[in-house]
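# Examination of the molecular architecture
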Amino acid sequence: MSYIANTDKDRQEMLDIIGVKHFNDLIANIPEKLLLKDFLKLDKPLSEIEIKKRVFSLLSKNKCLNKQNSFLGGGVYDHFVPVAVDHIVNRPEFVTAYTPYQAEVSQGTLQWIYEYQSLICELTGMEISNAGMYDGASAAAEAILMASRKNRLTKALVSETLNPVYIEVIKAYTEGVGIEILTIPMKAGVTDLEKLRDLSDDKTSCVVIQTPNFYGIIEDCFQIDECITNISENKKQKPLFITINDPISLAILNAPNEYNADIVVGEGQALGNRPYYGGPLFGFMASKMDLSRNMPGRIVGATTDIEGNRAYSLTLQAREQHIRRDKATSNICSNQALCNLAATVYMCLMGKNGLREVAELSTKNAHYLAKEITNIKGFTLAFEKPFFKEFAIKTPTEPKIIIEELHKKEFCAGIEISVKSNDKAESDKLLLIAVTEKKTKADMDNFVNALKNVITTPNSQNKDSKETLNVKKEIN
């Protein structure tokens, strides 16, 4: 490759040192059919102006949220991000920085990570936070591993109301490490406490609940904690209570420490990070202090140097965190630091009052839109439960048809989801709709009118009849 400065002589010296005659000997184990036989067929070189035109022509194919009236959610949300957030995180000392392996020369990075940890602790009410995780899903999985390390038990009870992506990641993380994952069924959109009691035994390491859950409903975590306590009365130890929280919701809902959560995790994207086509994201994790030595990832502590000045350092990490896989509390060697920084700047700019206002506006908007949609014939709330900024709707026609039709009109109508029906063998299809503080009354009213038009247009009805006809043909 022309951009690598090694000469033929340099390459030959390296091959001689490792005892190989030719470069092809290094790739002898790769199947022949996978090797590139010819040069890459690249386009002809372009000038800077031509490249810009090409890039912008490709970008124009994207559907941008500045143009689309979006009600997408399901774990990634379109909250307002102050321009100061971008200005600060794009400063060269931040945007070009990397994970602080050599902490003594990374004081600036360590300082803002310490501030981030302090803010997460204040938001969740917990005693200690780490420097962040890859995303909310991996943070949830790591919390289960953390609980198992603490109490040496091997069964995790995971509510069915968790984001299904989180459940998939949890199963992938725990496969092969001896942790059994059991799903607590849901009842009317929330965790079934009777099933939680039935599933719990002496091997239960932890109970994992998401609130607001995947359907936007606020779980009664006080009741869940009481249930966990009661079923633990005659057992050796109480299972750890793990909650997955929307950080924006914590501005108006009870902090997890109030309902005795042991570990708190969640997706932090809503704090100062845009949807970015679904990533990058970052997960947060906080816990009670007695779990600190089992916490994965990095933890930054504040101390003083030999001259008495305030200093920051990585703490509570054994050397094997980086060199001995079997002894490490985590094999995560980095985190989504720039996303964490954006969250830190966002929380500092918004403050308690600003975060509360964002949460209150999101809630009011969501309840206004839900009421207006359910006034349309054929649309009903899937669950009559308290919800935060997201809700599931039963629709008179297939949700995917509504989504497709409204996409043509510059609306992102939401996400089609499936939920098991109690009285039918198949699953019900629902439309999951998310609303944030960015939505104006006009935005929501336009969406409602678009829904009305889709239901009354011949196109959507024809699609339904065609699908019904196809089903009949298959049955016959």
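If you're wondering where the values come from, they're calculated on a predicted model, not measured in any experiment.

This part is about the nonpolar core. A general trend in soluble globular proteins is that nonpolar side chains are found buried together. Within the largest apolar cluster, 48 residues are counted, with the highest numbers of intra-cluster contacts made by L196, I248, Y346, M347 and L355. Every element with two or more residues in this core is listed here: α3 (83-89), α5 (107-124), α8 (193-199), β7 (204-211), α9 (221-231), β10 (283-287) and α11 (337-374). The element that contributes the greatest number of residues to this core is α11, accounting for 10 residues. Residue-level mapping places this core at the junction of two domains, with at least three residues from each of domain 1 (66-77 + 356-472) and domain 2 (84-345). Apart from the residues lying within four places of it in its own chain, the contact partners of I248 are H79, A270, L271, Y346, L355, V358, A359, F388 and K389. A139, C206, M285 and M295 belong to the second-largest nonpolar core, a separate cluster that totals 30 residues.

What follows deals with the pattern of salt bridges. The final tally for this structure, using the stated rule, is 15 salt bridges. Residues E93 and R91 are paired through a salt bridge, measuring 2.8 Å at the closest nitrogen-oxygen approach. Its relative accessible area of 39% is what places R91 among the partly exposed residues. Note that E405 and K408 form a salt bridge whose closest N and O atoms lie 3.3 Å from each other. A relative accessible area of 7% means that E405 is categorised as buried.

The subject of this paragraph is the packing of aromatic side chains. Geometrically, a pair of aromatic rings is defined through the distance of the ring centres and the angle of the planes. This structure, assessed with the given rule, holds nine aromatic pairs. Relative to F447, the ring of F71 lies with its centre 4.2 Å away and its plane at 20°, an arrangement referred to as stacked. Of this pair, F71 sits in the loop between β1 (69-70) and α3 while F447 sits in helix α13 (residues 441-456), and the two are 376 residues apart along the sequence. Centroid distance Y114 to Y312: 5.4 Å. Interplanar angle 50°. Geometry classified as tilted. Within this pair, whereas Y114 is found in helix α5, its partner Y312 is found in strand β12 (residues 310-314), the two being separated by 198 residues in sequence.

Moving on, we get to a nonpolar patch on the surface. A contiguous nonpolar patch, built from L46, I51, V55, F56 and L59 and spanning about 450 Å² of accessible area, is present on the exposed surface. Look at V55 and you get partly exposed, because its relative accessible area is 41%.

Each strand in a sheet pairs with another by means of backbone hydrogen bonds, the pair being arranged parallel or else antiparallel. In spatial order, the strands read β2-β10-β9-β8-β7-β3-β4; together these seven strands make up an open sheet with mixed pairing. Both edges of this open sheet fall to β2 (128-129) and β4 (180-184), since each of them pairs with a single strand only. Summarising the sheet, strand β8 (residues 240-245) and strand β9 (residues 263-267) pair through three bridges and their orientation is parallel. Within β9, the residue paired with I242 across the bridge is I263. Its contacts with the sheet place helix α7 (residues 164-174) against β3 (155-159), β4, β8 and β9, and it is angled at close to 170° to β3. Lying on the sheet, α9 is in contact with β7 and β8; it crosses β8 at an angle near 160°.

Here the focus is the packing of helix α6 (residues 136-151) against α7. It is at 8 Å that the axes of α6 and α7 come closest, and there the two elements cross at 45°. Relative to α7, the element α6 is oriented oblique. Two packed elements cross with a definite hand, and for α6 against α7 that hand is right-handed. The segment α6 lies against α7, with G136, A137, S138, A140, A141, E142, I144 and L145 engaging Y166, V169, I170, Y173 and T174.

With 18 residues, α5 ought to run about 26 Å at 1.5 Å a step, and its terminal C-alpha atoms sit 26 Å apart, in line with that. Listed in full, the buried residues belonging to α5 are T109, L110, W112, I113, Y116, Q117, L119, I120, C121, L123 and T124. Following α5 by one or two positions, G125 adopts a phi angle in the positive range, close to 80°.

With that settled, consider empty space enclosed by the protein. Taken as a whole, this structure holds four cavities of 30 Å³ or more when the rule is applied. Volume-wise, the largest cavity comes out at about 230 Å³. Lining the largest cavity are 22 residues, with G75, Y77, Q210, P212 and D246 positioned closest to its centre. There is about 50 Å³ of room inside the second largest cavity. Taken together, S70, F71, L72, D78, A434, V435, T436 and K439 form the lining of the second largest cavity.

Time to look at the pairing of β9. Counting buried positions over the five residues of β9 gives five, a clear majority of the element. Burial along β9 is two-sided: the face carrying I263, V265 and E267 and the face carrying V264 and G266 are both buried. Bridge count for β9 against β10 is five bridges, and the pairing is antiparallel. Opposite V265, over in β10, you have M285 as the bridge partner.

What counts as what
Residues numbered from 1 in each chain as written. Predicted model: local features only at pLDDT ≥ 70, side-chain atom pairs only at ≥ 80, totals over all residues. Heavy atoms only, no water. Core = buried A, V, L, I, M, F, W, Y, C linked by side-chain atoms within 4.5 Å. Buried < 20%, exposed > 50% of the residue type's maximum accessible area, 1.4 Å probe, protein only. Helix = DSSP H or I, 4+ residues; strand = E, 2+ residues; numbered from the N terminus. Domains from an automatic or database assignment. Contact = heavy atoms within 4.5 Å. Salt bridge = Lys/Arg side-chain N within 4 Å of Asp/Glu carboxyl O. Phe/Tyr/Trp six-rings, centres within 6.5 Å; stacked < 30°, edge-to-face > 60°. Patch = residues over 30% accessible without salt bridge, like charges linked within 9 Å, V, L, I, M, F, W, Y side chains within 5 Å. Areas by Shrake-Rupley, 256 points an atom, 1.4 Å probe, with all protein chains shown as cover. Pairing = 2+ DSSP bridges. Axes fitted to C-alpha atoms, helices over the stretch in contact; angles between N-to-C directions. Parallel < 35°, antiparallel > 145°, perpendicular 65-115°, else oblique. Left-handed = near helix turned anticlockwise from the far one by under 90°. Expected span 1.5 Å × (residues − 1). 1 Å grid on protein atoms, 1.4 Å probe; cavity = no way out; pocket = protein on both sides within 12 Å on 5 of 7 lines; lining within 4 Å. Points joined across faces, edges and corners; volume = space filled by probe spheres on them.

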